[in-house]
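# Coordinates in review
Each chain is listed here by its residues.
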Amino acid sequence: MTATEERKQPRDLRLPGSVAEIMASPPGPKIGAFFDLDGTLVAGFTGVILTQERFRRREMGVGELIGMIQAGLNHQLGRIEFEELILKASSALRGRPLSDMEEIGERLFAQKIESRIYPEMRELVRAHLARGHTVVLSSSALTLQVEPVARFLGIPNTLTNKFETDENGILTGKVVKPILWGPGKAAAVQQFAAEHGIDLKDSYFYADGDEDVALMYLVGNPRPTNPEGKMAAVARRRGWPILRFTSRGSVGITGQLRTLAGIGSMVPVAAGALGIGLLTRSRRRGVNFFTSTWSQLLLAASGVHLNVIGTENLTAQRPAVFIFNHRNQADPVITAALVRDNWIGVGKKELASDPIMGTLGKLLDTVFIDRDDPTAAVESLHEVEERAKRGLSIVIAPEGTRVDTTTVGPFKKGPFRIAMAAGIPIVPIVIRNAEIVAARNSTTMNPGTVDVAVFPPISVSNWTVDTLPDRIAEVRQLYLDTLADWPVDQLPDAALYTRVTKAPPRKRATKKAAKAPAKKAAKTQPRPKGRS
């Protein structure tokens, strides 16, 4: 098998439960994709999160909490039915406005639940939507738990339990019947399929609980997800493909120790950087030691590995403006580990008051920009330009803030103006799946492998103020195209990259050209090549 064939092979794999399998399936709304909530789309149980929040806000007394815990245990032990459990929970909320419960659901989603959504499952949902399948979130949870998740994932249909309300929207303490659980949930799915012309024998069902085993028999593509107990046993016996994800599991003591070890390594590394700076009488050498060492230690301690394409482009031309798509707190650390030395960062002013990021920023000469004060922001950018002219590279997120984990936000002009003013190139760093190791607002990182593509330097020597918006749009499109169709050695389209760099089109670099100096290779290659 040739090297080219080896690179193409993963793209052809259509393992059950993979995005490739879904994208190869027949399109159209006659195929249904039914997703359970707790343990399937979301790590853990949203009902437990709701109970914890009510207790924390003193909306639930100790007696009621103990009663709920006891009822939950009795249900797990088979002593009471699910109907009795959900009615007990609902009766405790009698007299509350439904609008209040919906507000609580939205708040809990933003604060607690969004970060628990499995990124792998989100990709599967997106794949089904892209194929035009009828996607349904079918859960025995209540609407206040289900609806925010469905909206976030873009799932248009929900089958869920609902609070009963009076004519004024006040909870009666009951749940609308029939209650969706086990056979009741299976019946609701069958009814929905009949009403929407869905062929269940070609459809998919993703769930983890024993109560959903019957539903697995109804569809042609059962996909037990993080199953335990009976579901896992039946899946093994019948040969159903089992999907397991750990990217959003409980951090636990091991994860906490990893995070502490990574952050704790900052102290000895900083001490080493100080020593080097004093011995060499060069503050920059000390800073370089810190930037090239601590970020890599933090990733290693957190169990994060990088699969990088185009590493030669990191040193092809220095200084440069290194831009990266910003999804979470891990992105800057990943970029710092790649760029290593002789760079400064640019961040928003709010980070300056953060005890960790602010302190690090001051030590590393980070420039904090006040986005609410245009005059001050321009002055800060001029400061960055001067440092770039003195030979320091710039690391900056052109989106200006963290954006949703599956999109690329609008690019601001600042990074590109800096490159033009300093006469240095732009180096795009495309981070594909950082959400695997950290949610958008997470302060900890989970173990995992992040894919990164570093593109050849883009010269801005012939850019003008008039053409700047078009140039920025082309660079952003590079990110969109790359993320839409990985692996990068197949993309982006050569014509697009040529248009951005304004270089004449060239064929792929030959083996002889690959041995040339990095700078020459960067000029002759329209896309990243190689892995490290």
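Note that the coordinates shown come from a computational prediction; the quantities given were computed from them, not determined experimentally.

Conventions adopted
- Within every chain, residues take consecutive numbers counted from 1 along the sequence as written.
- The predicted nature of this model means local features are confined to residues of pLDDT at least 70 and side-chain atom pairs, given and counted, to a pLDDT of 80 or more, with totals for whole chains, interfaces and linings taken over all residues.
- Computation of side-chain values: all heavy atoms of the structure, hydrogens and water removed.
- Only DSSP runs of H or I with at least four residues qualify as helices, and only runs of E with at least two residues qualify as strands; both kinds are numbered from the N terminus onward.
- Only protein chains enter the area calculation, which uses a 1.4 Å probe; residues under 20% of their type maximum are buried, those over 50% are exposed, and those in between are partly exposed.
- Residue contacts are counted whenever heavy atoms from the two residues lie within 4.5 Å of one another.
- Using the Shrake-Rupley algorithm and a 1.4 Å probe, accessible areas are obtained, with residue cover drawn only from the displayed protein chains.
- Strands qualify as paired when DSSP identifies two bridges or more between them.
- Fitted lines through C-alpha atoms give the axes, limited to the stretch in contact for helices. The angle between two N-to-C directions lies from 0 to 180 degrees.
- A side-chain nitrogen of Lys or Arg and a carboxyl oxygen of Asp or Glu constitute a salt bridge if their distance falls within 4 Å.
- Here is the rule for handedness: rotate from the far helix to the near one, and if that takes an anticlockwise turn smaller than a right angle the crossing is left-handed, while a clockwise turn gives right-handed.

### Details of the overall build of the chain
Per the secondary structure count, the chain includes 22 helices and 14 strands. Expressed as a percentage of the 532 residues in the chain, the buried residues total 50%. Taking the contacts inside the chain whose residues are at least 6 apart along the sequence as the reference set, 67% of them involve residues at least 24 apart. On the chain, roughly 25,300 Å² of surface is accessible, and the fraction owed to carbon and sulfur atoms is 55%.

### As for the sheet that holds strand E12 (residues 393-396)
Strand pairing in a sheet relies on backbone hydrogen bonds. The paired strands run either parallel or antiparallel. Taken together, seven strands build an open sheet; the order of strands is E8-E14-E13-E9-E12-E10-E11 and the sheet is mixed. With one partner strand each, in any of the chains shown, strand E8 (304-309) and strand E11 (367-369) form the two edges of the open sheet. For this sheet, the mean angle separating the axes of adjacent strands, direction not counted, is 25°. Each of E8 and strand E10 (343-348) touches helix H14 (residues 283-302); the most contacted strand, E8, lies at about 110° to it.

### Considerations on the sheet that holds strand E1 (residues 32-35)
One open sheet accounts for five strands, arranged E3-E2-E1-E6-E7; its pairing is parallel. Because the sheet does not close on itself, it has two edges, and the strands there are strand E3 (157-161) and strand E7 (221-224). The average angle at which neighbouring strand axes cross in this sheet is 15°, direction not considered. Sheet topology note: the E1/strand E6 (residues 204-207) ladder contains three bridges and is parallel. Directly across from Phe-35, in E6, lies its bridge partner Tyr-206.

### Some points on the pairing of strand E14 (residues 448-454)
Look at any regular strand and the pattern is simple: side chains alternate between the two faces of the sheet. The buried count for E14 comes to six of seven residues, which makes it a mostly enclosed element. Here E8 runs beside E14; their pairing, made up of six bridges, is parallel. Bridging across to E14, Asn-307 finds its partner in Asp-451. Inspection of the sheet shows strand E13 (residues 426-431) paired to E14 by three bridges, in the antiparallel sense. Paired with Ile-429 across the strands is Val-454, a residue of E14.

### Quick notes on the pattern of salt bridges
In the structure shown here, the tally under the stated rule is 12 salt bridges. The partner of Arg-107 in a salt bridge is Glu-103, with the nearest N and O atoms 3.4 Å apart. Highlighted residues: Arg-107 and Glu-103, both in helix H6 (residues 98-113), separated by four residues, approximately one helical turn. The class of Arg-107 is buried, set by a relative accessible area of 16%. Its relative accessible area of 43% is what places Glu-103 among the partly exposed residues. A salt bridge links Lys-185 to Asp-212; the shortest N-O distance between them is 3.2 Å. With a gap of 27 residues between them, Lys-185 in helix H9 (residues 183-195) and Asp-212 in the loop between E6 and helix H10 (213-218) connect regions that are remote in the sequence. Like Asp-212, Lys-185 is buried. The structure contains a network of salt bridges with shared partners spanning Asp-36, Lys-185 and Asp-212.

### A word on the packing of helix H18 (residues 414-422) against helix H19 (residues 468-484)
Two elements in contact, H18 and H19, have axes whose closest approach is 11 Å; the angle formed by their N-to-C orientations is 115°. As H18 packs across H19, the resulting crossing turns out to be right-handed. Taken together, the residues of H19 that come into contact with H18 (itself represented by Phe-416, Arg-417 and Met-420) are Leu-468, Ile-472 and Val-475.

### Description of unusual backbone geometry
Omega for the peptide link from Lys-177 to Pro-178 comes to 5°, which places this bond in the cis form. Mapped onto the secondary structure, Pro-178 falls in the loop between strand E5 (171-175) and H9. Phi is positive for Arg-281, close to 55°, though the residue is something other than glycine. Examined against the element boundaries, Arg-281 turns out to sit in the loop between helix H13 (266-280) and H14. With relative accessibility at 81%, the residue Arg-281 sits in the exposed group. A positive phi angle, close to 55°, is found at Asn-342, a residue other than glycine.

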